[in-house]
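Listed below, chain by chain, are the residues.
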Amino acid sequence: MKPWPPSAVRQSLIGCPSCELLCKAPARFDGQIRMRCPRCGAVLHTRKPNSLARTWALVIAALIFYIPANMLPIMTVTSLGKTQSDTILSGAAYLLLHGMWPLALLIFFASVVVPLLKLVILIYLLISVQLHSRWRPRDRTRLYRITEAIGRWSMVDIYVVTILVALVHLGNLATIRAETGAVFFGAVVVITIFAALTFDPRLIWDSLEKNHE
Amino acid sequence: MNQQTRITCHECDLLQQLKPPPPGGCTRCPRCGAVLHRSKRNSLNRTLALSLAGLILFIIANTFPFLAFEMQGQITETQLFTGVTDLYHQGMWGLAALVLFTTIIVPAVQLTLMLYVLVPIKLGRTPGHLAGVFRLLQTLTPWGMMEVFMLGILVSVVKLAGMATIVPGLALWAFGLLIFVLAAAAAALDPHRVWEKVRYAP
Ligand SMILES: [Zn+2]
Ligand SMILES: [Zn+2]
């Protein structure tokens, strides 16, 4: 593999996270002083501050919330005196039993697989960075890009609950209520989006340069 | 654009000369493969036109009902905003806030600010606080989830189809169009063209 030139931070240069302007870092820039981009005013950091600790905290919080999000019902349907609560999984199972398997698959993927996949990838990236792994940095960066892109699609179940609640309120005939599981689920989606934003993919590449010292 | 722009990759921090992208293509970081710059012809004009169309569609999508639900002669119609208020009345204010933020506030603010930035530029002026406004626009990007909401509508329709009659409303068509217009506006925008307009002392 051909050696790459040292990264910008080792040449005392910082790329603005917002407008990409290349800025000179002051001597011994250690993140203690706040420097702003002269063009757009964004705060400059050589790496996202406290990236690993913050991402770990968010990932652990999301994992904890993921349990009630899947165990508790997300909505309750009351129709002609009968009451039925649905969790995310039972909602997907209902669709499957009624022959709507593409939809069941979609809901299962967006609501169950995507958040978990995102968390597993982030945990793997965090550990690999902490172990200074030099293994396939390009593929690991690609994994990071996937976590960034897929997270939003988990919101689909929240929107389905919202729309059903708004459409179905016919008193005794049929009413749908949102339940606590949906709150936890919304929290998981929001926290994992923040977790992906806090993780700094440049840390993956830093390990490659440390060994040249 | 300045051919000699030096940048650092936002995903791997590799310092490099930013090469202009081939027509219709994009420049990638040679080390990590991140997209650094995409070729976009007539970027600002196209983004302006699409944002304007987007704002009109957004207003239509929010003023008219997008679905009607009919069961044993009883009909409920729903607008985007009624979903939010119904959640709120059920005591789910957190969910209500999340839905309000991602499907109404963020798209509305994004479209308005985009016009605030692009209309003066089109007229040859520089809008006030351009850098701050454009930075806010970039921060909001991951939180606008109109296309996910559209998918939510489709899923709801299929789910309820067996239970009652679902009648699509005018807003539904506006929604459908809006998704494409928003995606096209995001694809047309070349942020470099906007940042070039910001005057600063290096
Ligand atoms: Zn900047
Ligand atoms: Zn790169």
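The structure displayed is predicted, hence computed values, not measured ones. (Residues numbered from 1 in each chain as written. Chains lettered and ligands numbered in written order. Predicted model: local features only at pLDDT ≥ 70, side-chain atom pairs only at ≥ 80, totals over all residues. Heavy atoms only, no water.)

## Structural notes on the sheet that holds strand β5 (residues 75-79) of chain A
All names here are of chain A. Reading across the sheet, the 3 strands line up as β6-β5-β7 and stay open at both edges, with antiparallel pairing between neighbours. In this open sheet, the two edge strands, each paired with only one partner strand, are β6 (82-86) and β7 (174-178). With strand direction ignored, the average angle separating the axes of adjacent strands in the sheet is 15°. Bridge analysis of β5 against β7 gives 5 bridges, and the strand direction is antiparallel. Looking at β7, one finds that Ser79 is bridged to Ala174. (Pairing = 2+ DSSP bridges. Helix = DSSP H or I, 4+ residues; strand = E, 2+ residues; numbered from the N terminus. Axes fitted to C-alpha atoms, helices over the stretch in contact; angles between N-to-C directions.)

## Some remarks on the pattern of salt bridges
This model, assessed by the stated rule, comprises 9 salt bridges over all chains. Of the charged contacts, one joins Glu147 of chain B and Arg152 of chain A as a salt bridge, the two residues approaching to 2.7 Å between their closest N and O atoms. Linking Glu147 of chain B in helix α5 (residues 146-161) with Arg152 of chain A in the loop between α4 (137-150) and α5 (156-167), this pair reaches from one chain into another. The structure contains a network of salt bridges with shared partners spanning Arg47 and Asp206 of chain A together with Asp13 of chain B. (Salt bridge = Lys/Arg side-chain N within 4 Å of Asp/Glu carboxyl O.)

## Quick look at the domain arrangement of chain A
All names here are of chain A. Per the domain assignment, the segments of chain A are domain 1 (1-46) and domain 2 (48-212). Averaged C-alpha coordinates put domain 1 and domain 2 at centres separated by 33 Å. In this complex, domain 1 contributes 7 residues to the contact, which on the side of domain 2 involves 4 residues. Both faces combined, the contact of domain 1 with domain 2 buries some 480 Å², and carbon together with sulfur accounts for 47% of it. On the domain 1 side of the interface with domain 2, the three residues burying the most area are Arg10, His45 and Thr46, jointly 58% of the side's total. (Domains from an automatic or database assignment. Contact = heavy atoms within 4.5 Å. Buried area = accessible area lost by both parts, 1.4 Å probe.)

## Things to note about the packing of α5 of chain A against helix α3 (residues 93-122) of chain B
As a packed pair, α5 of chain A and α3 of chain B sit with axes 11 Å apart at the nearest point and diverge in direction by 105°. Compared by their axis directions, α5 of chain A and α3 of chain B come out roughly perpendicular. Seen from α5 of chain A, the contacting residues are Ile158, Tyr159 and Thr162 of chain A; seen from α3 of chain B, they are Leu95, Val99, Thr102 and Thr103 of chain B. Within the contact of α5 of chain A with α3 of chain B, the residues separate by chemical class into 4 nonpolar, 3 polar and no charged. (Parallel < 35°, antiparallel > 145°, perpendicular 65-115°, else oblique. Nonpolar A, V, L, I, M, F, W, Y, C, P; charged D, E, K, R; others polar.)

## As for a nonpolar patch on the surface
A cluster of nonpolar side chains, namely Leu63, Leu116 and Val120 of chain A, defines an oily patch on the protein surface of about 220 Å² accessible area. For Val120 of chain A, the location among the structural elements is in helix α3 (residues 101-130). (Patch = residues over 30% accessible without salt bridge, like charges linked within 9 Å, V, L, I, M, F, W, Y side chains within 5 Å. Areas by Shrake-Rupley, 256 points an atom, 1.4 Å probe, with all protein chains shown as cover.)

## Observations concerning the environment of Val156 of chain A
Tracing the chain through its elements places Val156 of chain A in helix α5. What makes Val156 of chain A buried here is its relative accessible area of 0%. If near-sequence neighbours (up to four positions away) are discounted, Val156 of chain A is found in contact with Ile107 and Ala110 of chain A together with Val148, Leu151 and Gly152 of chain B. (Buried < 20%, exposed > 50% of the residue type's maximum accessible area, 1.4 Å probe, protein only.)

## Things to note about the packing of helix α2 (residues 80-89) of chain B against α3 of chain B
Residue and element names in this part refer to chain B. It is the contact of α2 with α3, at a shortest axis distance of 7 Å, that shows an interaxial angle of 160°. The orientation of α2 relative to α3 falls into the category roughly antiparallel. Relative to α3, α2 is oriented so that their crossing is left-handed. Counting all contacts with α2, which are made through Leu80, Phe81, Val84, Leu87 and Tyr88, the residues of α3 involved are Trp93, Leu95, Ala96, Val99, Leu100, Thr103 and Ile104. In terms of residue class, the contact of α2 with α3 is made up of 11 nonpolar, 1 polar and no charged. (Left-handed = near helix turned anticlockwise from the far one by under 90°.)

## Focus: the pairing of strand β4 (residues 35-38) of chain B
Residue and element names in this part refer to chain B. In terms of strand pairing, strand β3 (residues 26-28) meets β4 through 3 bridges, oriented antiparallel. Residue pairing for β4: Thr27 is matched across the bridge by His37. Joining the antiparallel neighbours β3 and β4 is a turn of 6 residues, in which Gly33 adopts a positive phi near 85°.

## A look at the coordination of the zinc ion (ligand 1)
Residues and elements named next belong to chain A. For the zinc ion (ligand 1), the full set of protein donor atoms is Cys16 (SG), Cys19 (SG), Cys37 (SG) and Cys40 (SG), and the range of their distances to it is 2.2 to 2.4 Å. Every donor counted, the 4 donor atoms about the zinc ion (ligand 1) form angles of 99 to 113° at the centre, which fits tetrahedral coordination. Each donor residue of the zinc ion (ligand 1) belongs to the same chain, with the gaps between them written as C-x2-C-x17-C-x2-C. Look at Cys19 and you get buried, because its relative accessible area is 2%. (Donors = N, O, S within 2.8 Å, 3.2 Å for Na, K, Ca; no water. Tetrahedral: all angles 85-135°; square planar, octahedral: opposite > 155°, others 65-115°.)

## With respect to unusual backbone geometry
Not every positive phi belongs to a glycine, and His132 of chain A is a case in point at roughly 55°. In this fold, His132 of chain A is placed in the loop between α3 and α4. By relative accessible area, which is 43% here, His132 of chain A ends up partly exposed. For Asn42 of chain B, which is not a glycine, the phi torsion comes out positive at approximately 55°. Topologically, Asn42 of chain B is positioned in the loop between β4 and α1 (43-63).

## Some points on the interface of chain A and chain B
Tallying the contact residues gives 65 residues for chain A and 63 residues for chain B. Interface area, chain A with chain B, both sides summed: about 6,000 Å², of which 69% is carbon and sulfur. For the pair chain A and chain B, the number of links is 3 salt bridges. Note that Arg145 of chain A and Glu11 of chain B form a salt bridge whose closest N and O atoms lie 2.6 Å from each other. Taken together, chain A and chain B are joined by 20 residue pairs in polar contact (both at pLDDT 80 or more). (Polar contact = N/O pair within 3.5 Å; in protein donor to acceptor, adjacent residues only side chain to side chain.)

## Description of helix α2 (residues 88-97) of chain A
All buried positions along α2 of chain A are accounted for by Ile88, Gly91, Ala92 and Leu95 of chain A. Along the axis of α2 of chain A, the buried residues cluster in a sector spanning 95°; they form a single face. For α2 of chain A, the exposed residues set more than 90 degrees away from the buried face come down to Leu96 and Leu97 of chain A. For α2 of chain A, the elements touching its buried residues are α1 (51-71), β6, α3, α5 and α6 (180-198) of chain A together with α5 of chain B. Looking at the residues trailing α2 of chain A, positive phi occurs at Gly99 of chain A, about 80°. (Arc of directions from axis to C-beta.)

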